[in-house]
Amino acid sequence: MIIAIDGPAASGKGTLSRRLATHFGLRHLDTGLTYRAVAAALLAKGLPLGDEAVSVEIAHNLDLAQMDKSVLSSHEIGEAASRIAVLGGLRQELVELQRRFAEKPPGAVLDGRDIGTVVYPNATVKLFVTASAQARARRRTDEMIAKGQEANYASVLEDLKRRDERDSQRTVAPMKQAEDAVLLDTTEMDIETAFQAAVDIVSRA
Ligand code: DC
């Protein structure tokens, strides 16, 4: 059983995916972390983000168990991940890694940008989780403030819009709702309501 969850940054797809995995007894992979881990390694080595050969090599040796979300979730690493995500060879390497993870029983919830379109076009069920850019920026700003970080709503909104644009306009595996994905717009929902809606969609499938 494969549950494919795609959607833009700060849509809530990560939280939903984790909770769906627990609820249905499946393994979970946040595929954004795989792009972030490669980006972080390039940044740490001071290497250019456009170096495809090196990024493929890093991806080839990536250990999913070593990915530390708290380290990889920084804004700088997110931006760098979105930049390297245009590299076709790198995507191929990471997609193989993601499939190897998901194929182990009993199945998995994968979240990202291209799960329903590229990684698992035959997924058991596909969700495209979204919310207005304003709602996503508001949630992201509140999250940052809760963590004691400085946050400015207007610049968070600008950043999100720029990232959406880059992720949806790239030529290779752009972020896009698969034709057979169910759209879950959480603009007017709190996390509990969104989770219940997601459980209903998966249960029906
Ligand atoms: O979901 P996230 O913010 O952790 O993802 C970081 C970047 O990685 C995102 O801007 C684009 C890229 N990404 C991707 O291209 N394909 C995926 N399946 C997941 C993430």
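Fair warning: this is a prediction, and the values are worked out from it, not measured in the lab.

Trainee: Got a minute to help me understand the pairing of strand β3 (residues 108-112) in this structure?
Mentor: Moving residue by residue along a regular strand, the side chains alternate between the two faces of the sheet. The buried fraction of β3 is high, at five of five residues. Alternating positions in β3 separate into two faces, Ala108, Leu110 and Gly112 on one and Val109 and Asp111 on the other, with burial throughout. Bridge count between strand β1 (residues 2-6) and β3: five bridges; the pairing is parallel. For Asp6, the partnering residue across the bridge sits in β3 and is Gly112. Where strand β2 (residues 27-30) meets β3, four bridges bridge the pair, whose relative direction is parallel. Bridging from a neighbouring strand, Arg27 pairs with Ala108 of β3.

Trainee: Explain the packing of aromatic side chains to me, please; I cannot follow it from the model alone.
Mentor: The description of an aromatic ring pair rests on the distance of the ring centres and on the angle between the ring planes. Following the criterion strictly, the structure yields zero aromatic pairs and no others. Across from the ring centre of Phe195, 4.0 Å away, lies the NZ or CZ of Arg19, which sits over that ring. Positioned above the aromatic ring of Phe101 is the side chain of Arg27, whose terminal nitrogen or guanidinium carbon lies 4.1 Å from the ring centre.

Trainee: I'm lost on empty space enclosed by the protein in this one. Help?
Mentor: Summary: where empty space remains is shown by rolling a probe the size of a single water molecule over the atoms. Counted under the stated rule, the structure contains one cavity of 30 Å³ or more. There is about 40 Å³ of room inside the largest cavity. Taken together, Ala4, Asp6, Gly116, Thr117, Lys126, Leu127, Phe128, Lys176, Gln177, Ala178 and Ala181 form the lining of the largest cavity. Those elements that place two or more of their residues in the lining of the largest cavity are β1, α7 (115-119) and β4 (125-130). With three residues, β4 is the single largest residue contributor to the lining of the largest cavity. Looking at side-chain class alone, the lining of the largest cavity contains five nonpolar, three polar and three charged residues.

Trainee: For this particular structure, what's the right way to read the environment of Gly7?
Mentor: Relative to the helices and strands, Gly7 resides in the loop between β1 and α1 (13-24). C-alpha of Gly7 to C-alpha of Val129: the two residues are 122 residues apart in sequence and 4.9 Å apart in space. When near neighbours in sequence (up to four residues on either side) are disregarded, Gly7 contacts Lys13, Gly112, Arg113, Phe128, Val129 and Met175.

Trainee: Any chance you could explain the pattern of salt bridges here in plain terms?
Mentor: Oppositely charged side chains may form a pair once their charged atoms are brought near each other. Summed over the entire model, instances satisfying the criterion amount to 13 salt bridges. Between Lys126 and Asp180 there is a salt bridge; the shortest N-O distance is 2.9 Å. Here Asp180 lies in the loop between α9 (153-169) and β5 (182-185) and Lys126 lies in strand β4, a separation of 54 residues in the sequence. Residue Asp180 is classed as exposed on the basis of its relative accessible area, which comes to 53%. Here the salt bridges share partners, and the residues they tie into one network are Glu79, Asp159, Arg162, Arg163 and Arg166.

Here is what the cut-offs are and how they apply
Along each chain, numbering runs from 1 in the same order as the chain's sequence is written. Residue-level local features of this predicted model are given only where pLDDT is at least 70; pairs of side-chain atoms are given and counted only at 80 or more, and the full residue set underlies all totals for whole chains, interfaces and linings. To obtain the side-chain values, all non-hydrogen atoms of the structure were used and water was disregarded. Exposed residues in this analysis have more than 50% of their type's maximum accessible area, buried residues have under 20%, and partly exposed residues fall in between, with area computed by a 1.4 Å probe over protein chains only. Strands here are runs of E lasting at least two residues and helices are runs of H or I lasting at least four, both read from the DSSP assignment and numbered beginning at the N terminus. DSSP calls a pair of strands paired once it identifies at least 2 bridges connecting them. The aromatic pairing rule takes the rings of Phe, Tyr and Trp, using the six-membered ring of Trp, and pairs them if the centres are within 6.5 Å, calling planes under 30 degrees apart stacked, those over 60 edge-to-face and the rest tilted. A ring is considered to have a charge above it if a Lys NZ or an Arg CZ atom is located within 6 Å of its centre and within 35 degrees of its normal. Any residue with an atom within 4 Å of a point lines the site, the site being either a cavity, points on a 1 Å grid over the protein atoms alone where a 1.4 Å probe fits but cannot get out, or a pocket, an open set with protein on both sides within 12 Å along at least 5 of 7 lines. Grid points are joined across faces, edges and corners, and a volume is the space filled by probe spheres set on the points. Residues are grouped as follows: Ala, Val, Leu, Ile, Met, Phe, Trp, Tyr, Cys and Pro are nonpolar; Asp, Glu, Lys and Arg are charged; all remaining types, including Gly, are polar. By the convention used here, residues are in contact when the closest approach between their heavy atoms is within 4.5 Å. Each reported salt bridge corresponds to a side-chain nitrogen of Lys or Arg within 4 Å of a carboxyl oxygen of Asp or Glu.

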